[in-house]
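The residues making up each chain are set out below.
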Amino acid sequence: MVKTPDVTNIRVKLLEHLVERGQVWNRMAEKYGVTNPVPPWKSSLDGMCDALDKYGAVLPTVTRREEEDNLTERQYAELPFPESQLVSLAHSLIARKIIDENALTNRMAEVRARLESCT
Amino acid sequence: MVEEITDFEVLEIALRELAIEKGLFTAEDHRQYTEFAEAMGPTPASRLVAKAWIDPAFKKRALEDPIAASLEVGINWLNPTGFGTPSDFTALHILEDTPTLHHVVTCTLCSCYPRPILGNSPEWYRTPNYRRRIVRTPRQVLAEFGLFLSPEIEVRVEDSNSKHRFLVLPMRPDGTEGWSEEQLAAIVTRDCMIGVALPKPGVTTNAVLPVHHASEPITNNSTEK
């Protein structure tokens, strides 16, 4: 197996900011009286992980899961599941410079504006 | 419904859009696997166990060729691509419990799980805490789930990997004589098929889920007639 670089010690400010804001599902669900055990985006996240696994070139499955374990136990220990799974995936892609942190920050602003324009 | 757009919802969409634009996968791939994830659940596995309890010929087929037996409860392991999902190899083993042998399943490396027939793994199954400890102190971990096994019952922990997935076939409990397949399937919970619980008449869920009460519940006081 090809040795992959350890990217779990890299800090990603965007993701740390999201952790601080703490809009995790169990808190939001309680606030709005919703009983779904997982957020509505969970199946889409599963789809994203499977789609990445299909090609596996940029982030092999076992590497992704190993980094999720490490990040969930350390940097993102405050986050519940599945937020921890999502943030760990983003961390792995940003730390490898596959996804640019600034581009993701900008895209998040665009997505939020798009979603809020419909409410 | 949560009427607030959360950071994590936004992150999931933004990350996915950039990944598609980067060519890491296609929107079609994502759509296909998301639909598959939405459709998965433990019901087919519960039916398989119930069917095995009441039909000895099916049980024999299930133990000999679990992938073929899965088809009889509506699960084709070759879905959704024609050769399975990228991470779920078409290799299922059914582990039959006996009065002196109890099986429990884990994946020490990551979180391999028979997703096509049992749905997504629960959160605790993914945690290093469970994965590390179940292989070292299985009786202690099972006790934490409320499952206390007598010393004369051997506990066998099966470690899943990319080419071997496992499903526990628990023993049919007393008090279910004459039950229909549907009645039996209702007590075969996900946890029974991982091996951290035993089926019991009257128990149809893994655990009682907490109920979130609305801080500002909707009332009908303002409804006009």
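Source: prediction; values computed, not measured.

Draft legend 1. Unusual backbone geometry, seen in detail. Each neighbour pair has its own omega, and for Phe81 of chain A with Pro82 of chain A the value is 5 degrees, a cis peptide bond. The residue Pro82 of chain A is located in the loop between α4 (61-73) and α5 (83-95) in this model. Cis peptide bonds are those with omega within 30 degrees of zero, and the linkage from Asn79 of chain B to Pro80 of chain B qualifies with 0 degrees. Structurally, Pro80 of chain B is set in the loop between α5 (66-71) and β1 (92-96). Non-glycine residue Lys97 of chain A carries a positive phi angle of around 60 degrees. Turning to its location among the elements, Lys97 of chain A is positioned in the loop between α5 and α6 (101-116). Residue Lys97 of chain A is classed as exposed on the basis of its relative accessible area, which comes to 75%.

Draft legend 2. The domain arrangement of chain B, seen in detail. Along its sequence, chain B is organised into domain 1 (7-38) and domain 2 (41-194). Centre-to-centre, using C-alpha coordinates, domain 1 of chain B lies 30 Å away from domain 2 of chain B.

Draft legend 3. Layout of helix α2 (residues 27-39) of chain B. For α2 of chain B, built from 13 residues, the straight-helix expectation of 18 Å at 1.5 Å per residue is met to within 8% by its first-to-last C-alpha distance of 18 Å. Along α2 of chain B, the positions that sit buried rather than exposed are Asp29, His30, Tyr33, Thr34, Phe36 and Ala37 of chain B. Around the axis of α2 of chain B, the buried residues are gathered within 160 degrees of arc, so they sit on the same side. Among the exposed residues of α2 of chain B, those oriented more than 90 degrees off its buried face are Glu28, Arg31, Glu38 and Ala39 of chain B. In the core, the buried residues of α2 of chain B are packed alongside α3 (42-55) of chain A together with α1 (7-21) and α6 (115-118) of chain B.

About the criteria used
- Every residue gets a number counted from 1 within its own chain, in the order that chain's sequence is written.
- Both sets of labels track the order of writing: A upward for chains, 1 upward for ligands.
- Given that the model is predicted, a residue must reach a pLDDT of at least 70 before its local features are reported, and side-chain atom pairs must reach 80 or more before they are shown or counted; all residues, however, enter totals for whole chains, interfaces and linings.
- For the side-chain quantities, the full set of heavy atoms in the structure was used; hydrogens and water were omitted.
- Helical segments are the DSSP runs of H or I of at least four residues, strand segments are the runs of E of at least two, and each set is numbered from the N terminus.
- Only protein chains enter the calculation, and the probe is 1.4 Å; a residue is then buried if its accessible area is under 20% of its type maximum, exposed if over 50%, and partly exposed in between.
- For the domains described, the bounds stem from an automatic or database domain assignment.
- A helix is expected to reach a length of 1.5 Å times the quantity of its residues less one.
- The arc in question is traced by the directions running from the helix axis to the C-beta atoms.
- The contact criterion used throughout is that any non-hydrogen atoms of two residues lie within 4.5 Å.

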